[in-house]
Amino acid sequence: MSNLSSITRATLRDDLRARLNEVAPDKFTDPELNQWINIAQFDVFVRLVPFIGRWYGEQSASISLTESMAGSVTAHDLSSQNPGKPADIYRLDAVIGDTQADIEDKVIPIVETLGEVYAVKGNSNYDYACCFWGEKLYTYFSSSLSLSQGVLHMYYLRKPDELTSDSDTMDLPDEYADLVIMTALSKALGKLRLMAPKEDIDRDISERIRDIERSFGVETQMIQIEEQSGIQTPRTR
């Protein structure tokens, strides 16, 4: 499990239950609340990933290439990768060639669909491309390339780890724990059809997300100013 937080599932659940008990006492079992917490953690991750995604960067195990792959589209099964299983990957960010001279340190362009990989294959102006499709990494390398002993390194943004026991810690920084609890609370209230308190919680969540966006936006502007003029601006975070 990740160490991004010290807050356990048990602590999150106790806080969530306390808030639920104010409007709907004893409506959910522990397993149900655990489920809401995991769903909420992922929802918060998705909303914050533009700002905190760098904390989830991972490199999978290397992917070996052979000469027979040159000139064709090849499907690389990722199911045995550890890390790097398809279920772990939120977004593929970079595929880098290594070891063999023709692709050494080459950034392999990532396209969106398998059809685009085949389009590259049919265009003599391009030597390589890849995409993450289904549970496989598809690659194309021109027949003009030598791939003997070639290796690819796949870098990706991982999904947050699910909390499977009460001692597991939240896979978000501590400062976002309240957002996770509020998001889980909103989902539970929606199931109970308590729409008025749910709408209040949703407004509060949206405002907090906007505050985070504004905070990161100001920091980005400060960094850009410093890069242009060399000014060192005091940090408040």
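Quick look at the structure, then. What you see is a predicted model, and the numbers here were worked out from it, not measured in a lab.

Structural notes on the packing of helix α2 (residues 30-52) against helix α4 (residues 177-191)
At a minimum axis distance of 8 Å, the contact between α2 and α4 shows a crossing angle of 120°. As the angle between them shows, α2 and α4 are arranged oblique. You can see that α2 and α4 cross each other, and the crossing is right-handed. On α4, the residues touching Glu32, Trp36, Ile37, Ile39, Ala40, Gln41, Asp43, Val44 and Leu48 of α2 are Leu179, Val180, Thr183, Ala184, Lys187, Ala188 and Lys191. Here the residues of the contact of α2 with α4 are counted per class, giving 10 nonpolar, two polar and four charged.

Some words on the pattern of salt bridges
This model, assessed by the stated rule, comprises 18 salt bridges. The shortest N-O distance in the salt bridge between Asp202 and Lys198 comes to 3.2 Å. In this pair, Asp202 and Lys198 are both assigned in helix α5 (residues 195-229), four residues apart and thus about one turn of the helix distant. Of the residues examined, Lys198 reaches a relative accessible area of 19% and is grouped as buried. Between Asp211 and Arg214 there is a salt bridge, and its shortest N-O distance comes to 2.2 Å. Taken as a pair, Asp211 and Arg214 lie in helix α5 at a separation of three residues, close to a single helical turn. Within the structure, one salt-bridge network assembled from shared partners comprises Arg9, Arg13, Arg17, Asp30 and Asp166.

Some words on the nonpolar core
Judged by nonpolar contacts, the single largest core of 35 residues is most densely connected at Leu12, Leu16, Leu20, Leu48, Ile52, Leu172 and Leu179. Tallying contributions element by element places α2 first for this core, with 10 residues. Not counting residues within four places of it along the chain, the set of residues in contact with Leu20 comprises Pro25, Phe28, Leu33, Leu185, Ala188 and Leu189. The next biggest cluster of nonpolar side chains, apart from the first, holds 19 residues, and it includes Leu78, Cys130, Phe141 and Leu145.

Points about the side chain of Asn38
Structurally, Asn38 can be placed in helix α2. Residues within four places of Asn38 in sequence aside, it is in contact with Glu162 and Leu163.

A few points about the packing of aromatic side chains
One pass over the full model with this rule turns up seven aromatic pairs. Between Phe45 and Tyr56, the aromatic rings sit 4.9 Å apart at their centres with planes inclined by 70°, giving edge-to-face as the arrangement. With a gap of 11 residues between them, Phe45 in helix α2 and Tyr56 in the loop between α2 and β1 (57-59) connect regions that are remote in the sequence. Ring centres of Phe45 and Tyr90 lie 5.1 Å apart, and the angle between their planes is 80°; this geometry places the pair in the edge-to-face category. Here Phe45, found in helix α2, pairs with Tyr90, found in strand β4 (residues 89-98); they are 45 residues apart in sequence, far enough to count as distant.

Observations regarding the packing of helix α1 (residues 9-21) against α2
Running from amino to carboxyl end, α1 crosses α2 at an angle of 105°, the nearest separation of the two axes being 10 Å. The angle between α1 and α2 falls in the class roughly perpendicular. Listed contacts from α2 to Arg9, Leu12, Arg13, Leu16, Arg17 and Leu20 of α1 are Asp30, Leu33, Asn34 and Ile37. Considered class by class, the residues forming the contact of α1 with α2 number five nonpolar, one polar and four charged.

Quick word on the state of the cysteines
The tally for this structure, following the rule as stated, stands at zero disulfides. Counting only cysteine sulfurs, Cys131 is the nearest neighbor of Cys130, a cysteine outside any disulfide, at a range of 7.2 Å.

Considerations on the environment of Thr164
Looking at the secondary structure, you find Thr164 in the loop between β7 (151-158) and α4. Since its relative accessible area comes to 62%, Thr164 is described here as exposed. Expressed as a C-alpha distance, the spacing of Thr164 and Gly217, which sit 53 residues apart in the sequence, is 34 Å.

Observations regarding the sheet that holds strand β6 (residues 136-141)
Neighbouring strands of a sheet are bound in pairs by backbone hydrogen bonds; such pairs are parallel or else antiparallel. The three strands lie next to each other as β3-β6-β5, forming an open sheet whose pairing is antiparallel. Each having just a single partner strand, β3 (73-77) and β5 (128-133) make up the two edges of the open sheet. Averaged over all pairs of adjacent strands, the angle between strand axes in this sheet comes to 20°, irrespective of strand direction. As paired strands, β3 and β6 are joined by five bridges and run antiparallel to one another. Its bridge partner lying in β6, Ala75 is registered against Tyr138. Sheet strands in contact with helix α3 (residues 114-121) are β3, β5 and β6, and its direction is about 170° off that of β5.

Conventions and cut-offs
- Residues numbered from 1 in each chain as written.
- Predicted model: local features only at pLDDT ≥ 70, side-chain atom pairs only at ≥ 80, totals over all residues.
- Heavy atoms only, no water.
- Axes fitted to C-alpha atoms, helices over the stretch in contact; angles between N-to-C directions.
- Helix = DSSP H or I, 4+ residues; strand = E, 2+ residues; numbered from the N terminus.
- Parallel < 35°, antiparallel > 145°, perpendicular 65-115°, else oblique.
- Left-handed = near helix turned anticlockwise from the far one by under 90°.
- Contact = heavy atoms within 4.5 Å.
- Nonpolar A, V, L, I, M, F, W, Y, C, P; charged D, E, K, R; others polar.
- Salt bridge = Lys/Arg side-chain N within 4 Å of Asp/Glu carboxyl O.
- Buried < 20%, exposed > 50% of the residue type's maximum accessible area, 1.4 Å probe, protein only.
- Core = buried A, V, L, I, M, F, W, Y, C linked by side-chain atoms within 4.5 Å.
- Phe/Tyr/Trp six-rings, centres within 6.5 Å; stacked < 30°, edge-to-face > 60°.
- Disulfide = S-S within 2.5 Å.
- Pairing = 2+ DSSP bridges.

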